[in-house]
Amino acid sequence: GVMTVDMAAMLAETRAELESVSPELAEALSVYLDSVPDFMVASVGFEDDAVRFDGATTMPGGELSPSNGARQLAAAVPADAIFFADGPNLGPGLVQALTGVRATLAAGPDGEAALQQIQQVEAALGADLEEFVSWIGSGAMAAGWDGEQAYGGLVLEATDPEAGAQRLGQLRALAELAALDPSTQVEVSTEMVGEIEVTSITATVDGMSSGTLPVTDVVVQYALDGQTAVIGFGDRFVGRVLDTAAGDSLADTDRFRGAIDRFGGSDNAGAFFLDLVALRETI
């Protein structure tokens, strides 16, 4: 099967509609519209052991235009990971996204009140929201099953490690402030994994008033290892990433390397990997 999409025509209609409704919003979103390709062709076909989807587009312009690169983030992820996705320049993309959110809120009917709420949040955090992501370079998300429970988290390259440490420290300070109030049921603790300090923020979440849901602990962990920041959801991911030795990562497995080599190689603008066999066996 083959599909073609004239993105230029769709974008022209989108721009015209936005400008007629809200010229300010159209201007704020122009950076995203400029980053969309003009034309796309996609196909689906069958091989001996696979259903294969292929696509080709014109190269978009703008500040968020993609480019190929070889990232090494899969080498930091445990070998039993079931899902993995990575990409470059996450920080600049998130900064642009936050800029767009501000512009969208400002153009809304309650724009001034919404912006004031954001300013209050930033005052509590001690920095603009954009500053909390601008230090991020390439990044990856991974998830899996370690034989006992699920794990997941982020591995982020810090283009500015000092800024990354400062922003993570600000979030920790805010959590420690909340922990001073016993009613919040928040606890902040640290432990060492090798020579790296791991910070855990644990929040106790009560079940519903009917008692149908149990009391659970929600844990977020983070660590900064040189130019790599690791953020885990749960208490397994960060420690496993820090303990992953050379030659014992997802990047070293035949299933991952075979898939990456087959569908374009490691020099790309982003990878998405999902092991359906491992997912089925885990379930």
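As a starting point, this report considers the structure included with it. (Residues numbered from 1 in each chain as written. Predicted model: local features only at pLDDT ≥ 70, side-chain atom pairs only at ≥ 80, totals over all residues. Heavy atoms only, no water.)

1. Examining the sheet that holds strand β7 (residues 186-193)
Link 1 in the chain: Pairing is antiparallel across the open sheet formed by eight strands, whose spatial order is β7-β8-β9-β10-β6-β5-β4-β11. One side of each edge strand has no neighbouring strand; the edge strands of this open sheet are β7 and β11 (271-274). Averaged over all adjacent pairs, the angle separating strand axes in this sheet is 15 degrees, with direction ignored.
Link 2 in the chain: Where helix α4 (residues 90-107) meets the sheet, its contacts fall on β4 (81-87), β5 (136-145) and β6 (150-158), and the angle it forms with β5 comes to roughly 100 degrees. (Pairing = 2+ DSSP bridges. Helix = DSSP H or I, 4+ residues; strand = E, 2+ residues; numbered from the N terminus. Axes fitted to C-alpha atoms, helices over the stretch in contact; angles between N-to-C directions. Contact = heavy atoms within 4.5 Å.)

2. Some remarks on the sheet that holds strand β2 (residues 39-47)
Link 1 in the chain: The strand order across the open sheet formed by three strands is β1-β2-β3, and the pairing between neighbours is antiparallel. A strand with exactly one partner marks an edge of an open sheet, and here the two such strands are β1 (2-6) and β3 (50-57). Between one strand axis and the next, the sheet turns through 15 degrees on average, direction left out of account.
Link 2 in the chain: Sheet topology places β1 next to β2; five bridges connect them, and they run antiparallel. Note that in β2 the partner of Thr 4 across the bridge is Val 41.
Link 3 in the chain: The strands that helix α1 (residues 7-21) touches are β1 and β2; relative to β1, the one it contacts most, it runs at about 40 degrees.

3. Quick notes on the packing of aromatic side chains
Link 1 in the chain: Evaluation of the coordinates by the stated rule reveals four aromatic pairs.
Link 2 in the chain: Between Phe 83 and Phe 272 the ring centres are 5.3 Å apart and the planes differ by 70 degrees, which places this aromatic pair in the edge-to-face class. Taken as a pair, Phe 83 in strand β4 and Phe 272 in strand β11 lie far apart in primary sequence, 189 residues in all.
Link 3 in the chain: By relative accessible area, Phe 272 is classed as exposed at 63%.
Link 4 in the chain: On the numbers, 5.1 Å between centres and 75 degrees between planes, the contact of Phe 256 with Phe 273 is edge-to-face. Within this pair, whereas Phe 256 is found in helix α8 (residues 254-262), its partner Phe 273 is found in strand β11, the two being separated by 17 residues in sequence. As far as the burial class goes, Phe 256 and Phe 273 line up, both buried.
Link 5 in the chain: Chaining the aromatic ring pairs together yields one cluster made of Phe 84, Phe 256 and Phe 273. (Phe/Tyr/Trp six-rings, centres within 6.5 Å; stacked < 30°, edge-to-face > 60°. Buried < 20%, exposed > 50% of the residue type's maximum accessible area, 1.4 Å probe, protein only.)

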